[in-house]
Amino acid sequence: MREPERKTTPRKGGGGRAVHDIGGLTLGSIDRSEHDLALWEKRTDAMLVLLRDNKRRVLSVDAHRRMIESYGEQEYDRITYYEKWIRAIRNLLVEQNVLTRDEIQARLAEVRGKHEKAGRKAVKAGVPW
Amino acid sequence: MKGAGLRVAKPAPAARFAPGDRVRVAARPALGHCRTPWYLRGKMGVVAAVHGRFRDPELLAYHKPGLPARVLYKVRFKQGDLWVRYLGAAGDQLEADIYEHWLEPAK
């Protein structure tokens, strides 16, 4: 995960200003450099499209936004765009009873084990719920 | 706005505001997901266009059908009305899409 690149001013005192709703605040410069998307980021994008289509209707972009907006300021600023997406997709899959936390954790452990066995570095820390 | 069934065809009830009407964005805090930006709350603007009726994103966000549908407007603001020390040209404007339940008539 990338380190925060901007220094935030506390979004307090607004009495209900949500964490993502930062229009007009002074939050430092924006990194405008282009970068290629990683495979997992493209897959995350595809997953969202599939989960919201008419056949599945597991989530809506609005529910996805609501989940992302619920992270809290520190987490919201710390994690990247697609990290926000995949975390919200995971949480909505649990909320909508498509998968359970246990199923997701078990599968993650399995994948992690496979990578470790093959001598590849696996990320130890999980993403908070 | 792409996506299945977001636009609701049924015309009634009629839109509360028409292009040219002066409106004020409600100054209340939001409960949950909301598409009205904070910096516009309590600000005065003018209706520039009526986009149509759409399922309510504040309800869709909780897996509800999003009904009653809400009329969505394009509202035009003067930049000088939005920011304390706006340094741009005096005629600069900003347009934002605002749902009807976030708008009040400006007297």
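Residues numbered from 1 in each chain as written. Chains lettered and ligands numbered in written order. Predicted model: local features only at pLDDT ≥ 70, side-chain atom pairs only at ≥ 80, totals over all residues.

A. Summary view of the overall build of chain B. Along the backbone of chain B there are two helices and five strands. Along chain B, helices and strands appear, N-terminal first, in the series β-β-α-β-α-β-β. A compact globule built from 107 residues should have a C-alpha radius of gyration of about 13 Å, and chain B, at 15 Å, falls within 12% of that. Projecting the C-alpha coordinates of chain B onto the three principal axes gives extents of approximately 45 × 30 × 25 Å. The buried share of chain B, taken over its 107 residues, is 29%. (Helix = DSSP H or I, 4+ residues; strand = E, 2+ residues; numbered from the N terminus. Rg over C-alpha atoms; globule rule 2.2 N^0.38 Å. Buried ≥ 20, exposed ≤ 12 C-beta atoms within 10 Å, placed from the backbone.)

B. Expanded view of the overall build of chain A. Summing up its helical and strand segments, chain A has five helices and zero strands in all. Listing the helices and strands of chain A from first to last along the sequence gives α-α-α-α-α. Counting the 129 residues in chain A, one finds 16% classified as buried. Intrachain contacts of chain A at a sequence separation of at least 6 include 60% that bridge at least 24 residues. (Contact = placed C-beta atoms within 7 Å.)

C. Quick look at the confidence of the model for chain A. All names here are of chain A. On average, residues of chain A score 85 in pLDDT, and 85% of them reach the 70 mark or higher. Within chain A, the element-level pLDDT minimum falls on helix H3 (residues 73-78), averaging 88, and the maximum on helix H1 (residues 39-51), averaging 97. Counting interchain partners and residues more than four positions distant, the pLDDT-below-50 stretch residues 1-10 has 16 contacts. (pLDDT = per-residue confidence, 0-100.)

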